[in-house]
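# Architecture and fold: a report
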Amino acid sequence: MAIWIDGRRHEADPERNILDVCLSRGLDLPYFCWHPALGSVGACRQCAVKVFKDDKDTRGRLAMACMTPAKDGTRLSIDDAEARELRRSVIEWLMLNHPHDCPVCDEGGECHLQDMTVMAGHLVRRTRFEKRTFRNQYLGPFVRHEMNRCIQCYRCVRFYADHAGGKDLGVFGAHDAVYFGRHADGVLESAFAGNLVEVCPTGVFTDRTLGRHYVRKWDLQTAPSVCVHCSLGCNTTPGERAGSLRRIRARYSGAVNGWFLCDRGRYGYEFVNSERRVRRPFVRGEAATSEVTPAALARAWSKGRVLGIGSPRASVESNYALAALVGPERFHQGTSAAQTALVATIIRILREGPARTPSLREVERCDAVLVLGEDVASTAPMLALALRQSVRRQPERAALELGIPGWQDGAVREVVGNRKGPLFIAASVANEARELDELATRTVRAAPEDVARLGFAVAHALDASAPEADGLFGRLPAQIAGALAGAERPLVVSGTGAGSEAVIQAAASVAWAAGAGRGRAAELVYVVPECNSLGAALIGGRSLAEAFAAMERGEVTGAIILENDLYRRAPEADVDAFLDRAGHVVVIDHLAHDTASRASTLLPAATFAESSGTFVNNEGRAQRFFQVFDPDSTDIRPSWRWIAALDGATDRWPNLDELQAALARELPIFGEIAAAGVPAEYRVRGARIPRALHRQSGRTAITANRELHEPRPPEDPDSPFAFSMEGAPRVPLARLAPEVWAPGWNSCQALNRFSAEIGGALLGGDPGVRLLEPIEGAPPAYFSPPRVDSLPEPPPDSLLVVALHHVFGSEELSALAPGVAELAPKPYVALGEEEALERGVSEREEVDLSIDGGPILTLPVRIRPGLPRGAVGLPAGPVRFVPAGSRARISKR
Amino acid sequence: MTEPVKIVTRNFGVDRAWEIDVYESRGGYEGAKKALSMEPAKVVEEMKAANLRGRGGAGFSAGVKWGFLPRDNPKPRYLVVNGDEGEPGTFKDRALMQNDPHLLVEGIISACWATGAHTAYVYIRGELKLAWQRVEGAIAQAKAKGYLGKRPFGVDFPVEIHTHRGGGAYICGEETALLNSLEGKRGEPRLKPPFPAVVGAFGCPTVVNNVETIMNVPWIVLFGGEAFHALGVKGDGGTRMYGLSGRVKRPGLHELPVGTKLSTLVLEIGGGPLGNELKGVIPGGSSTPVLLPHEIDIPFTVDSLKAAGSMMGTGCAIVLDETVCAVRAASNLARFYWHESCGQCTPCREGTGWVHNILANLEAGSGKVEEVAVLLSAAKSIMGNTICPFGDGAAMPIVAFAQKFHDEFLRHATLKKCPYGGRFAA
Ligand SMILES: Cc1cc2nc3c(=O)[nH]c(=O)nc-3n(C[C@H](O)[C@H](O)[C@H](O)COP(=O)(O)O)c2cc1C
Ligand code: SF4
Ligand code: SF4
Ligand code: FES
């Protein structure tokens with residue numbers, strides 16, 4: 001298949017449109033309203049080309065490239081004078097009302113409108129009339145609004161409403177005063193609002209957090225990174241200047257997050273700049289004045305009697321280093337017994353098969369979904385965004401049958417209308433906005449054990465050899481089974497959010513049983529709690545409860561705690577007892593917290609932005625994050641370097657590569673971990689990869705206020721990146737490009753130059769290696785459903801405590817970002833409508849609550865529709881620790 | 001000479017013709033009854049033979065359009081009747097709906113049968129309250145009689161009619177914007193293809209026809225497509241509603257055979273210009289390019305108007321005499337189109353505003369000579385480059401004014417004022 005562009009033959013995929021093909025082939029053709037994730041609507045008229053009927057046709061006709069399929073043999077011209085003139089005119093029109101305020105616009109220097117203006121060649125202004133002006137709106141702590149800059153490409157609403165399902169951003173007005181905003185000032189409701197900053201081709205929506213410590217794109221230092229705020233591992237591009245992190249942008253991955261990020265991932269970064277950062281070592285609460293020598297550190301703990309506590313938010317390498325230091329017997333995962341068991345079950349299921357876990361992008365292509373027990377929209381927002389796309393898959397087929405290609409967004413949406421593919425949700429809680437519920441074919445709200453039972457009933461309906469469950473749900477299991485069996489790519493989603501082993505097992509059973517008719521199990525996604533929950537668990541080690549027990553038994557005298565606030569993981573009294581007993585406690589972390597305040601030695605760890613390492617996401621994909629900047633304090637080091645120093649053997653692992661090699665030798669599951677990154681000695685034509693764009697200014701002068709000499713760029717022993725704008729101009733492996741940039745393309749849309757086919761894999765392959773592949777065709781070893789009568793009789797009048805996750809506030813690190821903190825809930829206690837009615841309590845009324853007979857908390861009530869009777873919800877995060885399965889009593893004051 | 005045939009106005013002037021008993025006493029609903037006794041395909045065939053060109057403006061053959069409905073699509077089909085009538089200078093559908101709403105209902109029943117639609121929507125411009133009330137009344141009466149509902153005239157072919165009142169946007173008369181508006185969305189045109197015949201209202205195959213178009217159907221069913229065709233000219237059959245307004249002695253609305261000359265309409269039937277001299281005629285609603293006096297001696301048909309470089313449009317002409325300032329007229333039109341652009345595509349959204357700014361300045365006396373050329377270039381570059389025909393409709397009349405009255409435009413710039421002394425109403 002090929003098309004002819006200005007007389008030259010180019011390979012083309014007939015399923016795509018001409019604009020897509022031109023851009024994929026590296027040709028410059030300006031556009032605005034098209035977006036690879038949103039498809040074409042043909043509105044801006046910027047992508048005009050001349051299309052010819054055949055090789056005899058010399059007149060041709062103007063056509064919008066984004067609306068023209070790349071049929072085999074199509075002949076077109078980008079260079080045609082008429083097409084060029086129309087493209088120039090479009091810019092001229094847009095400039096009639098665009099304020100041209102680039103110098104004071106935060107988009108300047110990475111503005112698609114600037115790029116397209118230059119590309120389209122509009123040079124002379126022929127108008128002298130007043131420009132229309134608008135009133136801007138307050139849209140919350142994340143996104144700024146400057147409507148005068150709008151060029152009415154409609155991408156914002158198409159992303160926000162059509163793609164992400166947001167309800168509070170729309171188009172208002174008409175003619176050249178079309179307005180994009182909310183009905184009134186107010187915080188944007190969608191958890192994906194931050195993407196507007198990248199979706200908008202000009203400076204209407206800009207990053208408010210960046211605005212507070214603004215720098216231009218070209219002055220930032222960046223490196224490929226991975227989000228630390230949930231388990232999905234979306235790829236990110238953090239940007240730093242002068243020692244502070246300025247922003248996070250989405251980094252495209254064809255396998256994980258595509259073009260987007262959720263707002264927790266985008267705006268959680270400010271914890272790195274937080275005042276709660278630990279910036280120097282503390283010994284017994286005193287800041288260590290001189291550098292803490294390795295020898296002093298080695299003395300700080302007595303070898304052999306010390307246990308290590310790892311962390312699901314620390315890198316694989318740091319966890320491994322600690323395990324290697326204290327020995328596997330003394331190494332403990334930093335998670336509660338319950339959490340440790342849940343993650344272990346998930347790993348077993350994912351390793352033993354037969355169900356495979358898909359990538360986030362693959363989830364988008366699934367066409368029938370069962371969600372069991374997980375409040376996806378809160379615990380893994382980007383997964384909810386992917387599910388929002390998967391419900392379109394079945395109805396979309398009607399459009400394909402009419403010959404309407406999938407990229408023709410307007411027409412496809414007409415055909416799809418309100419129709420949705422099968423999505424069943426059974427969970428005890430839903431995210432506050434209930435955004436997935438509105439898409440669901442059926443939603444069931446029930447306690448976790450009942451959710452599990454429903455799952456087992458579905459499994460049995462799919463495969464009679466799967467054990468039968470107590471029938472509580474009428475015809476629903478058969479209905480769900482029918483939808484999954486009838487789909488091309490059925491998917492089951494679950495996770496640790498419900499805190500129930502049975503739910504996790506039920507989800508696996510459904511996925512396996514779906515293989516009975518089709519010969520292939522359904523796809524299976526588990527959400528796990530943190531960014532490296534799987535990676536840390538794969539290192540091994542026992543749970544926190546066992547660490548506490550070992551301390552209680554007096555087997556150990558000290559502890560090294562890695563990037564972990566134990567008070568978030570265990571009841572306060574237990575942690576207190578543990579720390580009281582420990583003779584010596586070394587805490588290595590980047591944040592001061594209650595555990596850190598109890599440390600005899602507190603060592604300042606590097607965050608993800610100041611170190612390189614590996615996280616394993618919920619898919620089992622090991623992904624490397626690269627150090628973005630060198631912290632201004634020389635005391636801040638990656639945790640694993642501190643650990644090596646504790647050993648008195650700083651040269652044990654001279655760099656990350658050596659550490660990984662040791663890990664791979666010891667734990668074969670990590671055999672491929674190096675492939676998630678590149679060796680530190682990797683060079684492009686002998687040069688390092690610069691972290692800054694060639695246009696960066698000031699590197700040699702930035703410290704001139706302190707030191708007249710040009711500073712030497714810091715060394716980086718762990719990666720091939722340089723802290724400089726000097727180095728290899730282009731990286732053949734797109735996954736290593738610190739930023740997207742191409743000649744003429746200064747905005748994030750330069751991304752089109754970084755993959756062979758737009759929307760496909762990055763040039764040279766998407767980042768990450770999958771560590772967990774199921775054994776193909778393994779016979780399912782079905783789990784047994786929980787039996788109703790096996791459950792202990794709950795104490796009378798007690799309520800089951802369920803954790804309510806919030807996009808903002810439940811995750812530890814992001815909660816320190818001011819904007820996230822602003823949107824996080826205050827502590828509260830939630831009751832369902834019925835339960836509240838029965839107890840005669842109303843919204844905002846304060847009640848007394850005691851969990852498992854513990855101390856009394858006084859909290860305001862929030863009525864949460866859909867919360868089942870007999871349950872009480874507590875916000876994870878604002879209420880520090882809620883053990884799964886706890887029971888609570890509440891009383892009116 | 002025989003009595004001129006009246007099809008859509010035959011009940012005009014008849015007392016209470018909008019009541020079903022009056023309507024039926026004059027032979028009403030016979031066409032629908034006959035249609036329902038015919039093969040639907042036969043009705044479509046008659047429609048094709050009739051060469052009934054759509055009366056909404058584009059002049060597309062109604063029979064051919066009906067034939068575009070996909071045969072093997074399992075989805076329901078819809079008939080949508082366009083009664084939005086927003087084109088400046090046009091007032092025919094309003095009169096038709098007010099005076100003879102049952103003819104519309106009868107036409108709808110016949111068209112539903114022919115196209116296989118069980119549901120019809122009549123989209124009526126919001127301001128036309130009386131028309132809407134009359135149509136609603138007719139629907140209720142027809143329903144009470146059983147002509148609408150489960151078994152019209154005893155035939156097992158359910159037909160329901162819903163009216164929908166527009167919110168006042170001109171663009172909602174464009175068929176795909178109308179469909180969006182009907183569905184509760186913003187009234188923005190959709191890109192074609194897919195055409196409404198394949199993906200129309202609520203994602204289903206849909207025929208959109210103008211009120212007048214539909215009102216011709218019962219007559220065609222009763223008397224045959226050939227007879228209808230014979231009333232007009234080759235390829236453009238029947239009679240049609242011709243309107244006259246502006247600076248003309250006898251403004252009004254007339255049903256005349258297709259092919260009547262534009263000059264006959266303006267000079268004889270309308271009695272000529274109000275002033276001393278005819279300056280020009282905007283033939284078919286404000287989007288159609290103005291014709292100079294020497295250009296109007298042509299049959300007022302879809303094809304001959306096109307050949308003359310203008311358009312048939314809605315058939316409602318606006319007459320200009322020597323008192324009319326061409327710049328002011330153009331500026332007034334430009335203001336309308338700027339205001340009514342839906343704002344979806346760049347050339348129209350921005351271009352109409354620019355054109356209006358230049359014209360308003362010119363009329364106000366602050367224009368520059370070189371801006372007349374900018375005006376022409378700005379207007380021309382809109383044409384052919386937009387999502388819907390609104391862009392053409394906005395640009396064409398301006399280009400025509402600026403070309404045909406070029407000197408007058410330049411004089412505004414050189415004199416630094418309107419030679420007509422016109423105050424400009426911005
Ligand atoms: C800007 C614009 C406004 C229109 N307004 C009307 C209208 O008010 N009434 C109408 O019948 N057709 C209107 N049309 C034409 C319709 O799009 C469509 O062609 C017509 O309703 C089809 O009916 P017909 O084939 O019977 O003429 C308009 C078209 C455009 C581009
Ligand atoms: S705000 Fe931005 S994305 Fe939205 S229409 Fe305007 S320019 Fe496009
Ligand atoms: S031509 Fe004008 S009215 Fe038609 S879609 Fe474009 S902006 Fe809207
Ligand atoms: S990108 Fe093709 S019309 Fe907007």
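One can find the structure itself at the top, above this paragraph.
Anyway, here's the lowdown on the structure attached to this text. For every chain, the first residue of its written sequence is number 1, and the numbers climb from 1 along that sequence. Written order determines the labels here, with chains lettered from A and ligands numbered from 1. Under the rules for a predicted model, residues below a pLDDT of 70 receive no local features and side-chain atom pairs below 80 are neither given nor counted, while totals for whole chains, interfaces and linings still include all residues. No hydrogens and no water enter the side-chain calculation; it runs on all heavy atoms of the structure.

This brings us to the sheet that holds strand S19 (residues 423-427) of chain A. All names here are of chain A. One requirement defines pairing of two strands: DSSP has to find at least two bridges between them. Secondary structure elements are taken from DSSP: a helix is a run of H or I of four residues or more, a strand is a run of E of two residues or more, and numbering for both begins at the N terminus. Taking strand neighbours across the sheet as the criterion, the five strands line up as S20-S19-S18-S21-S22 in an open arrangement whose pairing is parallel. Two strands in the sheet have a free side with no partner beyond their single neighbour: strand S20 (442-445) and strand S22 (523-527). Neighbouring strand axes in the sheet, compared pairwise and without regard to direction, differ in orientation by 10 degrees on average. As judged from the five bridges shared by strand S21 (residues 490-495) and S22, these two strands associate in the parallel manner. Bridging from a neighbouring strand, Gly495 pairs with Val527 of S22. Lines fitted to the C-alpha atoms define the axes, with helices restricted to the stretch that makes contact. Angles between their N-to-C directions range from 0 to 180 degrees.

Residues and elements named next belong to chain A. Whether a residue is buried, partly exposed or exposed follows from its accessible area with a 1.4 Å probe, protein chains only, as a fraction of its type maximum: under 20%, in between, or over 50%, in that order. His112, Leu113, Asp115, Met116, Thr117 and Ala120 are the residues of helix H3 (residues 112-120) that are buried. The elements touched by buried residues of H3 are helix H2 (81-97). Immediately beyond the C-terminal end of H3, within one or two residues, lies Gly121, with a positive phi of roughly 75 degrees. In what follows, residue pairs with any heavy atoms lying within 4.5 Å of each other are defined as contacts.

So, about the interface of chain B and chain A. Quite often, the size of an interface is put as the accessible area lost when its parts meet. Each partner contributes to the interface: chain B provides 44 residues, whereas chain A provides 36 residues. Here Lys185 of chain B and Glu414 of chain A are joined by a salt bridge, their closest N and O atoms 3.3 Å apart. Each polar contact in these results corresponds to two N or O atoms within 3.5 Å; when the atoms are within protein, one needs to be able to donate a hydrogen and the other to accept it, and residues that are neighboring in sequence are counted only if both atoms are side-chain atoms. Linking chain B to chain A there are 19 residue pairs in polar contact (both at pLDDT 80 or more). Of all the secondary structure elements, the ones that give two or more residues to the side of chain B that touches chain A are helix H14 (326-340), helix H15 (346-364) and helix H16 (370-382) of chain B. In terms of residue count, H15 of chain B provides more of the side of chain B that touches chain A than any other element does, 10 residues in total. What counts as a salt bridge is simple: a side-chain nitrogen of Lys or Arg found within 4 Å of a carboxyl oxygen of Asp or Glu.

With that settled, consider the environment of Arg250 of chain B. All names here are of chain B. Among the structural elements, Arg250 can be located in the loop between strand S5 (239-246) and strand S6 (252-257). Arg250 sits in the partly exposed class, given a relative accessible area of 47%. Between the C-alpha atom of Arg250 and that of Glu226, which follows or precedes it by 24 residues, the distance is 33 Å. With near-sequence residues (within four places) excluded, Arg250 lies in contact with Leu244, Glu268, Ile269, Gly270 and Gly271. Separated by 3.0 Å, the side chain of Arg250 and the backbone oxygen of Glu268 make a polar contact.

So, on to helix H2 (residues 30-37) of chain B. All names here are of chain B. Listing the buried residues of H2 in full gives Gly31, Ala32, Ala35 and Leu36. Burial along H2 is one-sided: seen end-on, the buried residues are contained in an arc of 130 degrees. Check the buried side of H2 and you find it contacts helix H3 (40-50), helix H6 (101-115) and helix H10 (217-223). Within this analysis, the arc is defined by the directions that extend from the helix axis to the C-beta atoms.

What follows deals with the sheet that holds strand S8 (residues 316-321) of chain B. Residue and element names in this part refer to chain B. If you walk across this open sheet you meet the four strands as S6-S5-S8-S7, and the pairing is mixed. Lying at the two open borders of the sheet, with one neighbouring strand each, are S6 and strand S7 (278-282). Strand-to-strand, the axes of this sheet are offset by a mean angle of 25 degrees, without reference to chain direction. With four bridges joining them, S5 and S8 adopt parallel strand pairing. Looking at S8, one finds that Gly243 is bridged to Cys316.

With that out of the way, let us pick up the site of ligand 2. Think of it this way: one heavy atom of a residue within 4 Å of a molecule or strand is enough to make that residue near it. Around ligand 2, the neighbouring residues are Cys150, Ile151, Gln152, Cys153, Tyr154, Cys156, Phe180, Cys200, Pro201, Thr202, Val204 and Phe205 of chain A. Each residue is assigned to one of three groups, with Ala, Val, Leu, Ile, Met, Phe, Trp, Tyr, Cys and Pro labelled nonpolar, Asp, Glu, Lys and Arg labelled charged, and all others, Gly among them, labelled polar. For the shell around ligand 2, the class distribution of residues is 10 nonpolar, two polar and no charged.

Moving on: the pairing of strand S27 (residues 621-625) of chain A. All names here are of chain A. Burial analysis of S27 places five of its five residues in the buried class, which makes it a mostly covered element. Burial of S27 is two-sided: the residues Arg621, Gln623 and Phe625 facing one way and the residues Ala622 and Arg624 facing the other way are all buried. Here strand S26 (residues 613-616) pairs with S27 via four bridges, running antiparallel. Bridge pairing links Gly613 to Phe625 in S27. Hairpin connection, S26 to S27: the antiparallel pair is bridged by four residues, and Gly620 has positive phi, about 85 degrees. Alignment of S27 against strand S30 (residues 769-770), held across two bridges, turns out to be antiparallel. When the bridges of S30 are listed, Arg621 appears paired with Arg770.

Residue and element names in this part refer to chain B. Around ligand 1 sit 19 residues, and of these Gly56, Asn82, Asn209, Asn210 and Thr213 come closest. Measuring from an oxygen atom of ligand 1, one finds a backbone N or O atom of Glu85 at 3.0 Å. Measuring from an oxygen atom of ligand 1, one finds a side-chain N or O atom of Thr213 at 2.7 Å. Taken by itself ligand 1 offers 610 Å² of open surface, and the protein chains cover 91% of this. Broken down by element, the shell around ligand 1 gets its largest block of residues, three residues, from strand S4 (residues 206-210). A breakdown of the residues in the shell around ligand 1 according to their chemical character gives five nonpolar, eight polar and six charged. Computed by Shrake-Rupley with a 1.4 Å probe, the accessible areas treat only the displayed protein chains as cover when residues are assessed.

Our focus in this paragraph is unusual backbone geometry. A negative phi angle characterises most non-glycine residues, just as the trans form characterises most peptide bonds. Between Gly353 of chain A and the following residue, Pro354 of chain A, the backbone shows a cis peptide bond with an omega angle of 10 degrees. By the element assignment, Pro354 of chain A lies in the loop between helix H10 (337-352) and helix H11 (360-364). Here the amide bond leading from Pro193 of chain B into Pro194 of chain B is cis, since omega sits at -5 degrees, within 30 degrees of zero. By the element assignment, Pro194 of chain B lies in the loop between helix H8 (175-182) and S4. The phi dihedral of Gln152 of chain A falls on the positive side, at around 55 degrees, and the residue is not glycine. Checked against the element boundaries, Gln152 of chain A lands in the loop between strand S6 (143-145) and helix H4 (155-163). One non-glycine residue, Ala242 of chain A, adopts positive backbone phi at about 50 degrees. On the secondary structure map, Ala242 of chain A appears in the loop between strand S12 (235-241) and strand S13 (244-250).

Let us now look at the packing of H14 of chain B against H15 of chain B. Residues and elements named next belong to chain B. Taken N-terminus to C-terminus, the directions of H14 and H15 make an angle of 150 degrees; their axes are 8 Å apart at the nearest point. Relative to H15, H14 is oriented roughly antiparallel. Of the two possible hands of crossing, H14 and H15 adopt the one that is left-handed. Counted together, Val327, Arg328, Ala330, Ser331, Ala334, Arg335, Tyr337 and Trp338 of H14 and Thr352, Gly353, Val355, His356, Leu359, Ala360, Leu362 and Glu363 of H15 form the full contact between these two elements. For the contact of H14 with H15, the class distribution of residues is nine nonpolar, four polar and three charged. For this classification, under 35 degrees means roughly parallel, over 145 means roughly antiparallel, 65 to 115 means roughly perpendicular, and everything else is oblique. We call a crossing left-handed when the near helix sits turned anticlockwise from the far one by less than a right angle, and right-handed when that turn is clockwise.

What follows concerns the environment of Leu837 of chain A. Examined against the element boundaries, Leu837 of chain A turns out to sit in helix H26 (residues 833-839). For Leu837 of chain A, a relative accessible area of 72% puts it in the exposed group.

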